Structures are given as C-alpha cells and as structure tokens.
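Now for the letters of each chain:
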Amino acid sequence: MKVLVTGGAGYIGSHTCVELINSSIDTVVLDNLCNSSEKSLDRVREITGTSPVFYKGDVRDEALLERIFSENEFDCVIHFAGLKCVPESVKKPAEYYENNLGSTLVLCKVMARHGCKRLVFSSSATVYSAVNEMPLKEDSIKGDCTNPYGWTKYMGERILTDIATADPEWAIALLRYFNPIGAHESGLIGEDPRGIPNNLMPFIAQTAVGRRDRLTVFGNDYNTKDGTGVRDYLHVVDLAKGHVAAIGYIMEHKGAEPINLGTGTGISVLDMVETFKQVNQVDVPYGFGPRRAGDVATCYAQADKAKRLLGWRAEKTLEDMCRDTWRWQSSNPDGYGE
Ligand code: NAD
Ligand code: UD1
C-alpha cells in the first residue's frame with residue numbers, strides 16, 4: 001500500500017507519517033514547507049527508521065502533481081495541506097480560499113486522471129454551526145462559520161461530497177477533527193507554531209517554558225462549570241491513528257462520509273492549565289481577559305460514528321496530552337528552530 005500525504009511535514013501530518021510507516025505503508029510527502037520544517041521528516045526517520053519520500057512543492061502546482069502521480073502508484077491520498085490560522089484568514093481571505101480550495105480541486109483533478117479515487121480529507125469541528133446542542137453529531141447543522149478558514153473547510157467538504165456523488169467510484173473520508181494537542185511520546189516531533197500561538201495548548205507550553213510571560217484566559221463568564229471555554233481535546237497520536245483507520249475504511253466503502261474525530265469529553269481552560277501544571281510540575285502563570293470574538297462556550301463531539309465505522313476511538317488521557325506536550329516543548333524550546 002502506498003499513500004501520498006499532502007502537508008505531511010506539518011503537525012498532524014508528521015505524526016500521521018509515523019503511524020503510516022509503523023503500519024508498513026509506503027509514505028510519500030508533498031509539502032511546500034510554508035508552515036513547517038523539513039526537520040520534522042528527519043525526526044520521523046529517527047522514530048521509525050524509515051524516511052518518507054519527500055517532494056517539496058505546492059499542491060496547486062498541477063505539473064508537479066502530474067509528475068508525482070506518474071512516478072508513483074498511490075492507493076490513496078491524505079490531504080492535510082492547507083492554511084489554518086483563523087485570525088490570518090480574516091485578514092487574508094482570498095489567500096485562504098485560493099490555497100485551501102485550489103489545492104483540493106487540483107489534487108482531485110490529478111487523482112481522477114490517474115484513477116486514484118480514495119481520499120482522506122482534513123476537516124474540522126469548525127464546520128458546525130453555533131446553534132447546535134452538544135454533543136455535535138455528523139448530521140448536526142453546519143454553516144454560519146465565523147471566519148474564512150471555517151468556510152474553506154465547509155466548502156471543501158461540499159466540493160468533495162459533490163465529486164463523490166457525480167462519480168460513485170470515489171471513496172472519501174471527511175474527518176472532522178476536534179482539538180488535537182500533544183506530541184509523539186519520543187518528544188522528537190510536536191506542534192511548532194510560527195509567531196504567537198493562537199491556540200490554547202501551544203500557548204500554555206510556551207508560557208511554561210518561559211517564551212511567553214503569561215496565558216490570558218479568554219473569558220471566565222461562560223455558562224460552563226468554571227466559566228471558561230470547554231473543548232474536546234484529543235491526542236495527536238490518537239488522531240494520526242484515526243487516519244490509518246480511515247484508510248482501511250475507504251479501501252472498502254465508496255461515497256463521501258463525514259466522521260468526527262474527538263474524545264466526546266469536554267475539558268475547560270482551567271482544567272487544562274491545572275492538569276498541565278500538576279502532571280509536569282511546572283508553573284503556568286495566567287490571568288483572565290475578555291472573551292475572544294467568535295468563540296463558543298462549549299464544543300465537543302459525539303464520537304461513536306468513528307467507533308462504528310472505523311473501529312477507532314481516542315485512547316490517550318488528558319494527562320498523556322499534557323505530559324507529551326511538555327516533553328516536546330521542554331526538549332525543543334524553540335520548536336524545530338526555524
Ligand atoms: P500545519 O500547518 O502544521 O500543517 C499543514 C501543512 O501543509 C504544513 O506543513 C504546510 O507547509 C503545508 N501546506 C500548506 N499549504 C500547502 C500547499 N498549498 N501545498 C503544499 N503544502 C502546503 O497544520 P496541522 O495542524 O497539521 O493541520 C493539518 C490539516 O488539518 C489542515 O488542513 C488543518 O486545517 C486541519 N485541521 C487542523 C486542526 C488543528 O487544530 N491543528 C484542527 C482541524 C483541522
Ligand atoms: C480552534 C480554531 C477553530 C478550530 C478548532 C478545532 C482558532 C481561533 N479557532 O478553536 O477554527 O475549529 O480550534 O481545531 O484558532 N484560549 C484561551 N487563551 C488562549 C488561547 C485559547 O483562553 O490564549 C481558550 C479559548 O477561548 C477556548 C479554548 O482555550 O475556550 C481553546 O481555544 P483554541 O485552542 O484556540 O481552540 P478552539 O477555540 O476550539
């Protein structure tokens with residue numbers, strides 16, 4: 001079995017390369033390194049003993065894709081490549097639509113030309129509307145996205161669903177990730193955001209290691225158990241294993257299928273800070289600030305469809321997520337150092 005991983009040098013992509021290689025799947029990466037470092041792939045080799053084949057380039061470069069598909073016979077593609085920074089997407093919407101939708105369209109065109117019609121797509125819990133009751137189910141209401149990034153995922157799902165309807169040979173898993181955090185237990189690969197992190201866990205980790213003075217908790221007056229936002233955090237290694245399980249599913253089932261990947265459990269910001277401090281015996285100074293625009297109080301998954309269809313469920317604990325994040329951050333205080 002041979003798989004093309006677009007965006008494979010990134011955070012989730014590099015962890016997924018490890019799980020693919022550990023499952024004896026030939027792994028080929030295409031990444032333009034716009035938000036990652038090639039060092040992550042060196043680390044994948046350190047962990048697994050095998051280097052993924054690496055093509056440096058853009059998924060929107062049709063001539064390059066044509067060459068990659070001529071040089072390799074893929075059983076399927078995992079499409080991680082995309083831009084993911086919510087506030088940046090508000091400032092540069094056209095860039096986000098062009099990159100995230102353009103890459104998906106070119107990829108599908110070249111895949112179809114080469115008769116490779118199995119795809120795992122990185123979607124997000126952000127496709128769900130804020131009007132829903134929790135937990136979020138795959139058939140909960142979608143749309144009303146609060147930013148262009150969210151709309152690119154919503155539209156990406158729409159495009160892929162229409163492609164699978166028009167041509168029933170396509171098999172597509174639309175994986176809706178909740179909040180991936182953590183790092184490989186080796187501490188060799190992890191999340192390395194450029195600039196000031198937007199997301200909670202990298203901000204906590206960088207505060208603990210001294211790169212940030214203190215965490216601002218965005219709002220403590222939500223209708224939640226301690227007033228802070230509640231999310232469904234899942235370990236990135238569990239998420240990576242979910243992709244291997246999804247490949248197994250699309251080898252056997254056609255059509256486009258949305259599937260939540262989460263734990264089904266909500267964790268508050270303060271739960272997270274306290275667990276991180278306690279598990280790692282480090283300080284994380286924090287203070288309360290106003291709510292962040294566009295945030296919901298609570299967001300967590302109903303996770304049984306993944307169990308039913310993929311035979312997958314998240315296994316690692318919140319303590320594992322905090323411990324593994326800290327191992328990565330404390331042994332690589334500047335990430336991959338680029
Ligand atoms: P990441 O930025 O670490 O990885 C994305 C990778 O894609 C990077 O290595 C980047 O260099 C590459 N890339 C971007 N545009 C490209 C292009 N046009 N051609 C080639 N390479 C390109 O992000 P991640 O956290 O690993 O996320 C992977 C995917 O999962 C993204 O599509 C993201 O939107 C989605 N997702 C992430 C989260 C999350 O919280 N991390 C949640 C839901 C969905
Ligand atoms: C993020 C993305 C969203 C995506 C989701 C799941 C942003 C703005 N949104 O949102 O598009 O669908 O992940 O992948 O990136 N928090 C703080 N202080 C901080 C950072 C965060 O208090 O410095 C709080 C937030 O208010 C929230 C919780 O921590 O309650 C989690 O925030 P974050 O990690 O950004 O995830 P999401 O809000 O789910």
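Our structure is the block above this text.
Structural notes, computed from the coordinates.

What counts, and where the lines are drawn
Throughout this document, residue positions are counted from 1 along each chain, in the order its sequence is written. All chains are assigned letters beginning at A, and all ligands numbers beginning at 1, according to the order in which they are written. In keeping with the model being predicted, local features are shown solely for residues with a pLDDT of at least 70 and side-chain atom pairs are shown and tallied solely at 80 or more, while totals for entire chains, interfaces and linings include all residues. Water and hydrogen atoms were dropped before computing side-chain values, which therefore reflect all heavy atoms in the structure. Think of it this way: one heavy atom of a residue within 4 Å of a molecule or strand is enough to make that residue near it. Contacts described as polar in this section are N or O atom pairs within 3.5 Å, which, within protein, must combine one atom able to donate a hydrogen with one able to accept it, while residues neighboring in sequence count only if both atoms come from side chains. The method behind every accessible area is Shrake-Rupley, applied with a 1.4 Å probe, and residues are considered shielded solely by the protein chains displayed. Only DSSP runs of H or I reaching four residues or more are called helices, and only runs of E reaching two or more are called strands; each is numbered from the N terminus. In this classification, the charged set is Asp, Glu, Lys and Arg, the nonpolar set is Ala, Val, Leu, Ile, Met, Phe, Trp, Tyr, Cys and Pro, and all remaining amino acids, among them Gly, are polar. Strand pairing is defined by DSSP finding a minimum of two bridges between the two strands. Should any heavy atoms of two residues lie within 4.5 Å, those residues are considered in contact. The salt bridge definition used is simple: a Lys or Arg side-chain nitrogen within 4 Å of an Asp or Glu carboxyl oxygen. Relative accessibility thresholds used throughout: buried, under 20% of the residue-type maximum; exposed, over 50%; partly exposed, between the two (1.4 Å probe, protein chains only). The span expected for a helix works out to 1.5 Å for each residue beyond the first.

1. Here's the deal with the site of ligand 1
Thinking step 1. Looking at ligand 1, there are 27 residues lining it, with Asp31, Asn35, Ser36, Asn99 and Tyr149 nearest.
Thinking step 2. Within the contact set of ligand 1, an oxygen atom lies 3.0 Å away from a backbone nitrogen or oxygen of cysteine 34.
Thinking step 3. In isolation ligand 1 exposes 830 Å². Once the protein is present, 95% of that is buried.
Thinking step 4. Of all the elements in the fold, those that place two or more residues in the shell around ligand 1 are α1 (11–22), β5 (118–124) and α6 (148–166).
Thinking step 5. Looking at which element gives the most residues to the shell around ligand 1, the answer is β5, with three residues.
Thinking step 6. The residue makeup of the shell around ligand 1, split by class, is eleven nonpolar, eleven polar and five charged.

2. What to know about the sheet that holds strand β9 (residues 230–231)
Thinking step 1. Taken together, the three strands give an open sheet; going across it, the order is β12-β9-β14, and neighbouring strands pair in mixed fashion. Each end of this open sheet is capped by a strand with a single partner; those strands are β12 (267–268) and β14 (298–299).

3. As for the environment of arginine 60
Thinking step 1. For arginine 60, the position within the fold is in the loop between β3 (53–56) and α3 (62–71).
Thinking step 2. Between the alpha carbons of arginine 60 and glycine 102 there is a distance of 6.1 Å; along the sequence they are 42 residues apart.
Thinking step 3. The contacts of arginine 60, once residues within four sequence positions are left out, are Glu98, Asn99, Gly102, Ser103 and Val106.

4. Regarding the pattern of salt bridges
Thinking step 1. The full count for this structure, using the stated rule, is 20 salt bridges.
Thinking step 2. Its salt-bridge partner being aspartate 58, residue arginine 60 comes within 2.9 Å of it at the nearest N-O pair.
Thinking step 3. Since its relative accessible area comes to 30%, arginine 60 is described here as partly exposed.
Thinking step 4. One salt bridge connects glutamate 274 with lysine 277, and the closest N-O pair in it is separated by 3.7 Å. Note that glutamate 274 and lysine 277 are positioned in helix α9 (residues 269–280) at a spacing of three residues, about one turn of the helix.
Thinking step 5. The network of salt bridges with shared partners includes Glu62, Glu66, Lys109 and Arg113.

5. Topic: helix α11 (residues 318–331)
Thinking step 1. For α11, with 14 residues, the first-to-last C-alpha span of 20 Å sits near the 20 Å given by 1.5 Å per residue.
Thinking step 2. When α11 is considered as a whole, its buried residues turn out to be Leu318, Asp320, Met321, Cys322, Asp324, Thr325, Trp326, Trp328 and Gln329.

6. Quick word on the site of ligand 2
Thinking step 1. Neighbouring residues of ligand 2: 19 residues in total, closest Thr216, Phe218, Arg231, Arg292 and Asp295.
Thinking step 2. Between ligand 2 and threonine 216 there is a distance of 2.8 Å, counted from a nitrogen atom to a backbone nitrogen or oxygen.
Thinking step 3. Here aspartate 295 contributes a side-chain N or O atom positioned 2.6 Å from an oxygen atom of ligand 2.
Thinking step 4. Notes on ligand 2: free accessible area 730 Å², of which the protein chains cover 88%.
Thinking step 5. Sort the elements by how many residues they give to the shell around ligand 2 and strand β8 (residues 215–218) lands first, with four residues.
Thinking step 6. Considered class by class, the residues forming the shell around ligand 2 number nine nonpolar, seven polar and three charged.

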